[in-house]
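So you can see what is in the structure, the chains are spelled out below.
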Amino acid sequence: MVVTIVDRPTAAQAAAEMPAPDRALLEVALRLLEQRYVERRHEVAAAARLASGRVVTGLHVEASQGRASVCAESGVLSSAAAAGDEVRTLVAVLRRPGDPTPRVIEPCGVCAEILTDHCPDATVWVARDGAVAATSAADLLPYRHVRTGRLAPSRKDPA
Ligand SMILES: [Zn+2]
């Protein structure tokens, strides 16, 4: 078995590699994490720009049963849906106990799945080899399983 250790860049390192509009999103996520960080409760914050240009955020909510936790990225997606809008660009930051430096983090598999379902063309910032890269949500899971008939069409899908 191959175990990959992801070397995540600090938010400051990531900011230097991002275009200004996405750097502004990163700063929104960082501000939220700084305001709401609680060890083992709220360790990830995400920010997204929607199709309308509006910016929404999401905050990780940890559960005593890990699987019941809510990711910051899923929170963002819910906010976008509540606004009747769609995510166009998303970035998330993580702060772990013992490391006070926030770092850019890629979506987990569950969030990659739901982002692909709802905004496959969205730009998602990911951490790789000590740097950040922008990819499409659809490229997060290249071999994902698709269950047909499970997800209702979006309002903009052709009938
Ligand atoms: Zn997730």
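Residues numbered from 1 in each chain as written. Predicted model: local features only at pLDDT ≥ 70, side-chain atom pairs only at ≥ 80, totals over all residues.

**Student:** What's the story with the overall build of the chain in this structure? I'm lost.
**Tutor:** When you go through the chain residue by residue, the secondary structure sums to four helices and six strands. When its helices and strands are written in sequence order, the chain yields α-α-β-β-α-β-β-α-β-β. For 159 residues, the compact-globule estimate of 2.2 N^0.38 gives 15 Å, and the chain sits close to it at 15 Å. When the backbone C-alpha atoms are referred to their principal axes, the chain occupies close to 50 × 40 × 30 Å. Here the chain holds 159 residues, and the buried ones make up 36% of them. Look at the contacts in the chain between residues 6 or more apart in sequence, and 55% of them connect residues 24 or more apart. (Helix = DSSP H or I, 4+ residues; strand = E, 2+ residues; numbered from the N terminus. Rg over C-alpha atoms; globule rule 2.2 N^0.38 Å. Buried ≥ 20, exposed ≤ 12 C-beta atoms within 10 Å, placed from the backbone. Contact = placed C-beta atoms within 7 Å.)

**Student:** Which parts of the structure should I look at to understand the nonpolar core?
**Tutor:** Across soluble globular proteins, nonpolar side chains have a tendency to be buried as a group. Membership of the largest hydrophobic core comes to 41 residues, with the highest contact counts inside it found for Ala 29, Ala 45, Ala 46, Val 91, Ala 92 and Val 93. Elements that contribute at least two residues to this core include exactly α1 (11–17), α2 (20–36), β1 (44–50), β2 (55–59), α3 (72–82), β3 (87–96), α4 (109–118) and β5 (123–128). Here Ala 45 is in contact with Ala 29, Leu 32, Leu 33, Arg 36, Thr 57, Leu 59, Ala 72, Ala 92 and Val 93, once residues within four sequence places are set aside. (Core = buried A, V, L, I, M, F, W, Y, C linked by C-beta atoms within 7 Å.)

**Student:** Teacher, can you tell me more about the environment of Gln 13 here?
**Tutor:** By secondary structure assignment, the location of Gln 13 is in helix α1. As a C-alpha pair, Gln 13 and Leu 50 span 37 residues in sequence and 25 Å in three-dimensional space.

**Student:** Would you mind going over the packing of α3 against α4 with me for this structure?
**Tutor:** Each pair of packed helices can be described by the angle between their axes along with the distance between the axes. The contact between α3 and α4 brings their axes to 9 Å, and the two run at 25°. Here α3 lies roughly parallel to α4, going by the angle between them. Classified by chirality, the crossing of α4 by α3 is left-handed. Of α4, the residues touching α3 (which contributes Glu 73, Ser 74 and Leu 77) are Cys 111, Ile 114, Leu 115 and His 118. Considered class by class, the residues forming the contact of α3 with α4 number four nonpolar, two polar and one charged. (Axes fitted to C-alpha atoms, helices over the stretch in contact; angles between N-to-C directions. Parallel < 35°, antiparallel > 145°, perpendicular 65-115°, else oblique. Left-handed = near helix turned anticlockwise from the far one by under 90°. Nonpolar A, V, L, I, M, F, W, Y, C, P; charged D, E, K, R; others polar.)

**Student:** Would you mind going over the pairing of strand β4 (residues 99–104) with me for this structure?
**Tutor:** Both faces of the sheet carry side chains from a regular strand, because those side chains alternate between them. The sheet contact formed by β3 and β4 spans three bridges and is antiparallel. Counted as the bridge partner of Leu 94 is Arg 103 from β4. (Pairing = 2+ DSSP bridges.)

**Student:** Would you explain α4 in this entry?
**Tutor:** Note that an α-helix has 3.6 residues per turn; residues three or four places apart therefore point the same way. Here α4 has its buried residues at Cys 111, Ala 112, Leu 115 and Thr 116. Taken around the axis of α4, the buried residues stretch over an arc of 135°, which confines them to a single face. Looking at the packing, one finds that the buried side of α4 touches α3 and β5. (Arc of directions from axis to C-beta.)

**Student:** Looking at this model, I keep getting lost on unusual backbone geometry. Mind explaining?
**Tutor:** Most peptide bonds take the trans configuration, and most residues that are not glycine carry a negative phi. Here the phi dihedral of Arg 40 falls at roughly 60°; this positive angle occurs in a residue that is not glycine. Here Arg 40 is to be found in the loop between α2 and β1. Residue Arg 40 is classed as exposed on the basis of its 9 C-beta neighbours within 10 Å.

**Student:** Would you mind going over α3 with me for this structure?
**Tutor:** Those residues of α3 that sit buried are Ala 72, Glu 73, Ser 74, Gly 75, Val 76, Leu 77 and Ala 80. Buried positions along α3 lie against β1, β2, β3 and α4. Looking at the residues trailing α3, positive phi occurs at Gly 84, about 65°.

**Student:** How should I be thinking about the environment of Val 6 in this particular structure?
**Tutor:** One can find Val 6 in the segment before α1. In this structure Val 6 comes out as exposed when scored by C-beta crowding, with 12 C-beta atoms within 10 Å. As a C-alpha pair, Val 6 and Val 70 span 64 residues in sequence and 22 Å in three-dimensional space.

**Student:** Looking at this structure, how should I read the pairing of β5?
**Tutor:** By the bridge criterion, two bridges tie β3 to β5 in an arrangement that is parallel. Among the inter-strand pairings, Thr 89 is bridged to a residue of β5, identified as Thr 123. Linking two consecutive strands that pair antiparallel, namely β5 and strand β6 (residues 131–136), is a turn of two residues; a positive phi of about 55° is found at Asp 129 within it.

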